[in-house]
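# Overview (structure and organization)
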Amino acid sequence: SQTIHQWPATLVQPVGSPLSLECTVEGTSNPNLYWYRQAAGRGLQLLFYSVGIGQISSEVPQNLSASRPQDRQFILSSKKLLLSDSGFYLCAWSVSPLSGSPLHFGNGTRLTVT
Amino acid sequence: DAKTTQPPSMDCAEGRAANLPCNHSTISGNEYVYWYRQIHSQGPQYIIHGLKNNETNEMASLIITEDRKSSTLILPHATLRDTAVYYCIVTPFGNEKLTFGTGTRLTIIP
């Protein structure tokens, strides 16, 4: 069966520090991968999605970046965190939603920038 | 891309059926309707999806109107654990981008 792992579960970082959040998927090949962010009390904001290695689509221009160095690995990074980067970061995967396959979410990383 | 419209909040008595509506009047013929829910402080959970026909699984039923412009998610016997934000989304034709609206906050009343 397929599983998705996200870590860390919680993170407290000072303003201006770097960030690296990692997400891996097991049990499937060539998944579509997604990063979402949810600010406190708000809805889900799509940040990046990827349909293959090295293929990243950015939805929100900001100080975050994403990379997909391996088929089932998706990394969210920042060189310098801002206070506004605080939130709940969620990684998700699917085979292909266009063909009727749903998104499967990880348990998320709660990031607090101080 | 097809957009969805949902009421911001709903209440339902425990043990009753919860019926959550979603409007997607600009949906195209080969776009799927998906439902997810998010319990506080957790990642969203997939519930059900459909294209044209009504669907049922162990969690819920999905009723899609014949013109496909709206749908209803039915939780047949709501429990307190069903309190969550419910999202209805439509897959956009031609790309893999999936965006979520603000959903419906469903509160089950004891």
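Summarised in this report is the structure supplied together with it. (Residues numbered from 1 in each chain as written. Chains lettered and ligands numbered in written order. Predicted model: local features only at pLDDT ≥ 70, side-chain atom pairs only at ≥ 80, totals over all residues. Heavy atoms only, no water.)

With that settled, consider the sheet that holds strand 1 (residues 9–13) of chain B. All names here are of chain B. With mixed pairing, 5 strands are arranged side by side in an open sheet as 1-9-8-3-4. Each edge of the sheet is formed by a strand with only one pairing partner; in this case those strands are strand 1 and strand 4 (45–50). For this sheet, the mean angle separating the axes of adjacent strands, direction not counted, is 25°. Relative to strand 9 (residues 104–109), strand 8 (residues 84–90) runs antiparallel, the two being bridged by 3 bridges. (Pairing = 2+ DSSP bridges. Helix = DSSP H or I, 4+ residues; strand = E, 2+ residues; numbered from the N terminus. Axes fitted to C-alpha atoms, helices over the stretch in contact; angles between N-to-C directions.)

A few words on the pattern of salt bridges. Working definition: two side chains of opposite charge can pair if their charged atoms are close together. All names here are of chain A. One pass over the full model with this rule turns up 3 salt bridges over all chains. The shortest N-O distance in the salt bridge between D85 and R37 comes to 3.4 Å. In this pair, D85 is assigned in the loop between strand 8 (73–78) and strand 9 (87–94) and R37 in strand 4 (residues 32–38), connecting sequence segments 48 residues apart. Across the pair, R37 and D85 agree in class, each one buried. We note a salt bridge from D71 to R68, for which the minimum N-O separation is 3.4 Å. (Salt bridge = Lys/Arg side-chain N within 4 Å of Asp/Glu carboxyl O. Buried < 20%, exposed > 50% of the residue type's maximum accessible area, 1.4 Å probe, protein only.)

Another aspect to go through is the nonpolar core. Among soluble globular proteins, nonpolar side chains are generally buried collectively. Membership of the largest hydrophobic core comes to 21 residues, with the highest contact counts inside it found for L20, W35, L73, L75, Y86 and L106 of chain B. Counting residues per element, the ones that place at least two in this core are strand 2 (18–23), strand 3 (33–38), strand 4, strand 6 (61–64), strand 7 (70–75), strand 8 and strand 9 of chain B. With residues near it in sequence (within four places) discarded, L75 of chain B still touches R16, A17, A18, L20, M59, A60, D82, Y86 and L106 of chain B. Membership of the second largest hydrophobic core comes to 20 residues, among which are I4, L33, L64 and L76 of chain A. (Core = buried A, V, L, I, M, F, W, Y, C linked by side-chain atoms within 4.5 Å. Contact = heavy atoms within 4.5 Å.)

In this section: the packing of aromatic side chains. Evaluation of the coordinates by the stated rule reveals 12 aromatic pairs over all chains. A ring pair is formed by Y87 of chain B and F100 of chain B, whose centres lie 5.4 Å apart and whose planes are at 85°; its orientation type is edge-to-face. Residue Y87 of chain B is found in strand 8, and its partner F100 of chain B is found in the loop between strand 8 and strand 9; the two are separated by 13 residues along the sequence. With respect to class, Y87 of chain B is no different from F100 of chain B; both count as buried. Each residue in the set Y34, Y36, Y49 and F105 of chain A together with Y32, Y34, Y36, Y46, Y87 and F100 of chain B is aromatic and connected to the rest through ring pairs, giving one cluster. The ring of F88 of chain A is capped by R110 of chain A, whose NZ or CZ atom sits 4.2 Å from the centre of that ring. (Phe/Tyr/Trp six-rings, centres within 6.5 Å; stacked < 30°, edge-to-face > 60°. Lys NZ or Arg CZ within 6 Å of the ring centre and 35° of its normal.)

Let's shift gears to the interface of chain B and chain A. A common measure of how large an interface is: the accessible area buried when the components associate. Counting from both sides, the interface comprises 21 residues of chain B and, opposite them, 23 residues of chain A. In this assembly, chain B packs against chain A so that about 1800 Å² is buried in total across both faces, 60% of it on carbon and sulfur atoms. Ranking the residues of chain B by area buried against chain A places E96, L98 and F100 of chain B at the top, with a combined share of 33%. Taken together, chain B and chain A are joined by 0 salt bridges. For the interface between chain B and chain A, the tally reads 4 residue pairs in polar contact (both at pLDDT 80 or more). If you list the elements that add at least two residues to the side of chain B that touches chain A, you get strand 3 and strand 4 of chain B. (Buried area = accessible area lost by both parts, 1.4 Å probe. Polar contact = N/O pair within 3.5 Å; in protein donor to acceptor, adjacent residues only side chain to side chain.)

Next up on the list: the side chain of T24 of chain A. Residue and element names in this part refer to chain A. Tracing the backbone shows T24 in strand 3 (residues 19–26). T24 sits in the buried class, given a relative accessible area of 18%. Leaving out residues up to four positions away in the same chain, T24 has contacts with T3, I4, H5, W7, R72 and Q73.

Turning next to the environment of I89 of chain B. Residues and elements named next belong to chain B. By secondary structure assignment, the location of I89 is in strand 8. Sequence separation between I89 and Y34 is 55 residues, and the spatial gap between their C-alpha atoms is 5.2 Å. Residues in contact with I89, not counting those within four places in the same chain, are T4, Y32, V33, Y34, Y36, T99 and F100.

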